[in-house]
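For reference, the chains in residue letters:
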Amino acid sequence: AILLASAAVAQGYPDRQVTMVVPFAAGGPTDTVARLVAEKMSADLGQQIIVENVGGAGGTLGAAQVAEAEADGYTILLHHIGMATSESLYRELPYNALEAFAPVGLVTEVPMTVVARADFEPADMASFVTYVKENADTITMANAGIGAASHLCGMLLMQALEAPIVTVPYRGTGPAMTELVGGQIDIMCDQTTNTTEQIQGGTIKAYAVTTPERLDLFPDLPTAAEAGLPGIEVSVWHGIYAPAGTPQEAVDRLSTSLQTVLADPELSTRLAELGTAPSPVEDGTPEALSAKLSAEIERWRPIIEEAGVYAD
Ligand code: MLT
């Protein structure tokens, strides 16, 4: 009887598969991070983590679905900086980011790149700036909806250029990338997890990175600041959340598993190939994500209010 009891305790959470909601379409940067992490966490937890893509409204539809899900530890969310910016971008959200979720931990922080279809006319970032200022009303820019990282970066780009560019929302920058490669859309600001292989393959053109320093992966790509656009600094941090009220045992087990995965050299190698790196193991905790989310909501609120006219 004691053996059975201890086996039952050892079994504990999770005793069946877990759904990880990705609030953007399959094939995009958030999906790429989620599937890499879900696969590693599945191995660690001994239960499948199944990724479910719930796109729309810049990630807020997927986030709302998890906010309202059963708080039993079997539905979790992988979301990024949009969890913070949406608090300022939307007048009415069906959830409060600081109250509706139980943070599990930080996952990775991804640089962004300003990219265009391969035959976009400007040769470099300086001529990109001139060209876009002069042709703003005929240029199209893709994003993944208001609240997406691509939306945030695009908003900062329009503010820096003082040019309201026609923006086209997609359910994720996976589908947007298909149209950029196809030449149906002109420009986009997207994460290296989605743009690296296209840049390396020459199927799109890259102009700048949105990080304070150049990326080792693309030493010839200037930072936006070097190219005369200092206001565009965005690094897309990602976190895993459970619905508020999820049992502490489940949150702790998920966080422990995430920390194990953050230390996995294979994850580091794969993310490095995509221009990024796992968060430090010590940031794979509820406290670290909670602190990051609170700080980022406050940091972006005045910036979004300042950029106002370019936010819609
Ligand atoms: C974003 O712009 O927030 C992401 O690119 C969305 C996605 O992962 O598709």
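Here, the structure is the one placed above.
Residues numbered from 1 in each chain as written. Predicted model: local features only at pLDDT ≥ 70, side-chain atom pairs only at ≥ 80, totals over all residues. Heavy atoms only, no water.

Q: What am I meant to see in the overall build of the protein here?
A: Looking only at helices and strands, the protein features 11 helices and nine strands. Along the three orthogonal principal directions, the C-alpha set of the protein runs to about 75 × 40 × 30 Å. Buried positions account for 56% of the 312 residues belonging to the protein. Of the accessible surface of the protein, which amounts to about 12500 Å², a share of 52% is contributed by carbon and sulfur atoms. Positive and negative side-chain charges of the protein, numbering 14 and 40 respectively, have mean locations separated by a distance of 2 Å. (Helix = DSSP H or I, 4+ residues; strand = E, 2+ residues; numbered from the N terminus. Buried < 20%, exposed > 50% of the residue type's maximum accessible area, 1.4 Å probe, protein only. Areas by Shrake-Rupley, 256 points an atom, 1.4 Å probe, with all protein chains shown as cover. Lys, Arg positive; Asp, Glu negative; His and termini not counted. Charge placed at Lys NZ, Arg CZ, Asp CG, Glu CD.)

Q: Looking at this model, I keep getting lost on the site of the ligand. Mind explaining?
A: Close contacts around the ligand come from 13 residues, with Thr30, His80, Ala149, Ser150 and Thr173 the closest. Taking aspartate 190, its side chain carries an N or O atom lying 3.3 Å from an oxygen atom of the ligand. Across the shell around the ligand, the residue classes break down as five nonpolar, seven polar and one charged. (Near = heavy atom within 4 Å. Polar contact = N/O pair within 3.5 Å; in protein donor to acceptor, adjacent residues only side chain to side chain. Nonpolar A, V, L, I, M, F, W, Y, C, P; charged D, E, K, R; others polar.)

Q: Teacher, can you tell me more about the packing of aromatic side chains here?
A: Each aromatic ring pair is summarised here by two numbers: the centre-to-centre distance and the angle between the ring planes. Scanning the entire structure with this criterion turns up seven aromatic pairs. Among the aromatic residues, ring-to-ring pairing joins Phe120, Phe128, Tyr131 and Tyr207 into one connected group. The ring of tyrosine 74 carries the charged tip of arginine 16 above its face, separated from the ring centre by 3.7 Å. (Phe/Tyr/Trp six-rings, centres within 6.5 Å; stacked < 30°, edge-to-face > 60°. Lys NZ or Arg CZ within 6 Å of the ring centre and 35° of its normal.)

Q: What is the right way to read the side chain of threonine 196 from this model?
A: Summarising the element assignment, threonine 196 is placed in helix H8 (residues 192-201). On the basis of relative accessible area, threonine 196 is assigned to the buried category, the value being 0%. Leave out the neighbours within four places in its chain, and threonine 196 touches Leu217, Phe218, Glu273, Leu274 and Gly275. (Contact = heavy atoms within 4.5 Å.)

Q: I would appreciate a short explanation of the state of the cysteines in the present structure.
A: A covalent bond between the sulfur atoms of two cysteines is referred to as a disulfide. The tally for this structure, following the rule as stated, stands at one disulfide. With a sulfur-sulfur separation of 1.9 Å, cysteine 153 is cross-linked through a disulfide to cysteine 189. Here the disulfide of cysteine 153 and cysteine 189 is right-handed, its torsion about the S-S bond being about 60 degrees. You can see cysteine 153 sitting in helix H6 (residues 149-161) and its partner cysteine 189 sitting in strand S7 (residues 187-191), a full 36 residues away along the chain. Like cysteine 189, cysteine 153 is buried. (Disulfide = S-S within 2.5 Å.)

Q: How should the nonpolar core be read in this particular structure?
A: Nonpolar side chains in soluble globular proteins generally cluster together in the buried interior. One finds Tyr95, Phe101, Met125, Phe128 and Ile187 to be the most contacted residues of the largest nonpolar core, which totals 59 residues. Aside from chain neighbours lying at most four places away, what touches phenylalanine 101 is Ala63, Val66, Ala67, Leu77, Met83, Tyr95, Tyr241, Ala242, Pro243 and Ala244. Core analysis: the next-biggest nonpolar cluster, separate from the first, contains 29 residues, Val18, Leu45, Ile49 and Tyr74 among them. (Core = buried A, V, L, I, M, F, W, Y, C linked by side-chain atoms within 4.5 Å.)

Q: How do you make sense of the pairing of strand S4 (residues 101-117) when you look at a structure like this?
A: For a regular strand, the rule is simple: side chains alternate between the two faces of the sheet. Of all 17 residues that make up S4, 16 are buried, and the element is covered over most of its length. In the sheet, S4 pairs with S7 via five bridges, with the strands oriented antiparallel. Across the sheet, residue valine 115 finds its bridge partner in S7, namely methionine 188. Across five bridges, S4 lies against strand S8 (residues 204-209) in antiparallel orientation. Looking at the pairing, arginine 117 lines up with isoleucine 204 of S8. (Pairing = 2+ DSSP bridges.)

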